[in-house]
Structures are given as C-alpha cells and as structure tokens.
Amino acid sequence: MKSHIPLIVGNWKMNPATLGKARKLFLDTRKEIGRKKLETQIAVAPPFPFLSEMQRLSPSQRIGLAAQDVFFESIGAHTGEVSLPMLKSVGVSSVIVGHSERRAAGETDEEIYKDIQAIFKSGVTAIVCVGEKARDAQGNYFGIVEAQIRSAIRSIPKTKLKQLVIAYEPVWAIGTGNHATAEDVHEMKLFIQKIIADQFGRDAIKKVRVLYGGSVKKKNAHALLAVGQVDGFLIGGASLKPKEFAAIIHIAESHGKGTL
Ligand code: PGA
C-alpha cells in the first residue's frame with residue numbers, strides 16, 4: 001500500500017521562554033529546512049501566546065501551525081481556556097489532543113473525546129496522542145492503547161477521517177532518550193491500523209496517519225520510518241534544535257521519495 005506523505009510535527013511544549021526567543025527558533029527552523037520544495041508536511045506547535053506572531057512569520061504556511069491543546073466549547077465563561085475559533089483565527093490547522101503531559105495533569109478520556117468532536121466540526125486536523133505508561137511482559141499495554149483510541153474515535157464520521165492523525169507516544173519514551181524500537185513501533189502501528197479498520201472498514205487505513213513520538217532524533221528517524229513504517233513523527237526536544245529538527249524532516253522527505 002502506498003504510504004502517506006510524511007507529517008512531521010514539532011511540539012515546543014512550554015518553550016522557549018520569551019516571544020523574542022520563539023521568533024528566533026521559528027526563523028532558524030525555517031532557514032534550516034531550506035527553500036527547496038518538500039512533499040513532507042511540517043508543523044510546529046508553539047505555546048498559545050506565540051501563535052499569531054508565528055503566523056505572521058510564515059504567511060505561506062510552509063510550516064503549518066498546530067496547537068498543543070484546545071477547549072471544546074467555542075466561546076463564553078471559561079477562564080483560562082482557548083477555543084477552536086480562536087486558534088483558527090491565528091492560522092492553526094491542527095491540534096494536539098490528549099498529550100500524555102495533559103493526561104498527567106488530569107485530562108480525562110471524556111474531555112479528550114469532547115475536544116475531538118469539536119475539532120472535527122471545526123475542520124482542522126486532530127493529532128490524537130495515545131500510549132502506555134510502561135511496558136509489561138504480558139502485553140497489557142496493547143489494551144491500554146486500544147481503550148484510549150476507541151474512546152477517542154467513537155462517533156467520528158467516516159467521511160472526515162482525513163482529519164484524524166494518531167500519534168503513538170509511549171510515555172516512557174517521552175523526553176527520556178529511550179525511544180521504542182523500530183520493530184515495536186511497527187507492531188503497534190499495525191495494531192492501531194487494525195483498530196481503525198475494525199471501526200471504519202479497511203479503506204480507512206489509507207486516510208488515517210499514524211505517527212510515532214518519544215525521543216525521536218535524527219539518528220533513529222530513518223529506522224522508525226523504514227522499519228517502524230510510521231507516517232511521520234511528533235517531536236518534542238529535538239524540535240527545539242533547528243538543525244536536528246530539519247535533519248529529521250529531510251530524512252522523512254528522502255524516505256517518502258524512496259531515495260534513502
Ligand atoms: P520528546 O517528546 O521528543 O522530547 O520525547 C515527544 C512528545 O512529547 O511529543
């Protein structure tokens with residue numbers, strides 16, 4: 001089956017410290033990626049206060065903008081929350097949902113479900129994060145990932161599946177330097193595709209991209225794409241290093257074109 005166009009998303013998390021530094025990070029990232037036209041889709045997810053400035057720096061949307069989170073209501077008395085219409089108005093085209101750091105801060109499967117419903121209605125892409133906290137010899141982690149996915153994707157209309165991206169991010173691999181092996185990632189990708197096929201039919205597999213996240217670096221990127229067979233990455237730490245992030249993008253591009 002022809003693979004998807006790679007998608008590489010940088011999650012800046014609560015970095016960098018100031019707008020000035022965010023501007024520099026964005027411009028350095030843009031410079032390192034270079035001017036050559038790429039098939040690979042690229043996005044970064046800066047903290048909310050920096051989004052509109054990043055939009056101004058990338059009017060062509062060559063580097064797309066993602067949000068790190070969202071609140072499902074669209075307007076009203078919800079102190080501290082940010083809505084989809086707000087995000088869309090500053091150029092956001094995809095939203096990360098259910099990141100393990102949000103789940104650890106108390107976000108529930110039910111809230112994630114509501115966020116996804118709102119995201120689908122708004123027409124932007126949902127990057128839904130799933131992943132186990134630890135691996136056990138009995139393989140219970142498959143059940144954990146399955147429950148997270150089934151809860152998140154229940155009642156998504158089949159016609160809108162192109163807006164769905166699943167990011168497999170084992171929590172033990174995030175920010176630790178211990179990435180999952182390419183073989184394990186491949187096994188999990190097939191498992192995720194089976195859940196998608198089960199829910200929406202086999203055709204759906206062509207529409208839903210599966211990313212991997214957790215200590216992705218330029219040195220492991222190729223194996224994760226070639227053996228892991230994921231459609232791209234959600235990248236934390238390495239997205240704060242423009243050279244490293246761009247190197248991963250270029251590896252994905254060569255892999256997508258079959259030249260690596
Ligand atoms: P990491 O983070 O690349 O720093 O491990 C990944 C993520 O949290 O999405």
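Quick summary incoming for the structure in this document. (Residues numbered from 1 in each chain as written. Predicted model: local features only at pLDDT ≥ 70, side-chain atom pairs only at ≥ 80, totals over all residues. Heavy atoms only, no water.)

All right, on to the site of the ligand then. Neighbouring the ligand are Lys-13, His-99, Glu-169, Ala-173, Ile-174, Gly-175, Gly-214, Ser-215, Leu-234, Ile-235, Gly-236 and Gly-237. The backbone of Gly-175 places a nitrogen or oxygen atom 2.6 Å from an oxygen atom of the ligand. Between the ligand and Ser-215, the relevant distance is 2.7 Å, taken from an oxygen atom to a main-chain nitrogen or oxygen of the residue. (Near = heavy atom within 4 Å. Polar contact = N/O pair within 3.5 Å; in protein donor to acceptor, adjacent residues only side chain to side chain.)

With five of five residues buried, strand S1 (residues 7-11) is to be regarded as a mostly interior element. Of the two faces of S1, the one holding Leu-7, Val-9 and Asn-11 and the one holding Ile-8 and Gly-10 are both buried throughout. Sheet topology places S1 next to strand S2 (residues 41-45); five bridges connect them, and they run parallel. Along S2, the bridge assignment pairs Gly-10 with Val-44. For the handedness criterion, the β-α-β arrangement of S1, helix H1 (residues 19-33) and S2 is classed as right-handed. Strand direction decides the pairing type here: S1 and strand S8 (residues 232-235), joined by four bridges, are parallel. Among the inter-strand pairings, Gly-10 is bridged to a residue of S8, identified as Ile-235. (Buried < 20%, exposed > 50% of the residue type's maximum accessible area, 1.4 Å probe, protein only. Helix = DSSP H or I, 4+ residues; strand = E, 2+ residues; numbered from the N terminus. Pairing = 2+ DSSP bridges. Right-handed = clockwise from strand over helix to strand, strands pointing away.)

With that settled, the discussion passes to the sheet that holds S8. In space, the eight strands of this closed barrel follow the order S1-S2-S3-S4-S5-S6-S7-S8, with parallel pairing throughout. Taking the axes of each pair of neighbouring strands and ignoring which way they run, one obtains an average angle of 25° across the sheet. Two elements, strand S7 (residues 209-213) and S8, share two bridges in a ladder whose sense is parallel. Bridge pairing in S8 links Tyr-212 to Phe-233. (Axes fitted to C-alpha atoms, helices over the stretch in contact; angles between N-to-C directions.)

A separate point is the pattern of salt bridges. Counted by the stated rule, this structure contains 15 salt bridges. For Asp-109, the salt bridge is made with Arg-103, and the minimal N-O distance between the two is 2.9 Å. The salt bridge partner of Arg-150 is Asp-198, with a shortest N-O separation of 2.9 Å. Here the residue Arg-150 occupies a position in helix H6 (residues 140-153), and Asp-198 occupies one in helix H7 (residues 182-200), the gap between them amounting to 48 residues. The class for Asp-198 is exposed, based on a relative accessible area of 53%. Linked by salt bridges that have partners in common, Arg-23, Glu-53 and Arg-56 make up one network. (Salt bridge = Lys/Arg side-chain N within 4 Å of Asp/Glu carboxyl O.)

Since the α-helix advances by 3.6 residues per turn, residues separated by three or four positions end up pointing in the same direction. Between the first and last C-alpha of H6 there are 20 Å, a value that for 14 residues agrees with the 20 Å anticipated at 1.5 Å per step. Taken as a whole, H6 has its buried residues at Tyr-141, Phe-142, Val-145, Gln-148, Ile-149, Ser-151, Ala-152 and Ile-153. Tucked into the core, H6 has its buried residues touching helix H4 (100-104), helix H5 (109-122), strand S5 (125-130), strand S6 (164-168) and H7. A positive backbone phi angle near 60° is found at Ser-155, which sits one or two residues after H6. (Expected span 1.5 Å × (residues − 1). Contact = heavy atoms within 4.5 Å.)

Attention shifts here to a positive patch on the surface. A cluster of like positive charges, contributed by Arg-30, Arg-35, Lys-37 and Arg-62, occupies part of the molecular surface. When you line up the elements, Lys-37 lands in the loop between H1 and S2. (Patch = residues over 30% accessible without salt bridge, like charges linked within 9 Å, V, L, I, M, F, W, Y side chains within 5 Å. Areas by Shrake-Rupley, 256 points an atom, 1.4 Å probe, with all protein chains shown as cover. Lys, Arg positive; Asp, Glu negative; His and termini not counted. Charge placed at Lys NZ, Arg CZ, Asp CG, Glu CD.)

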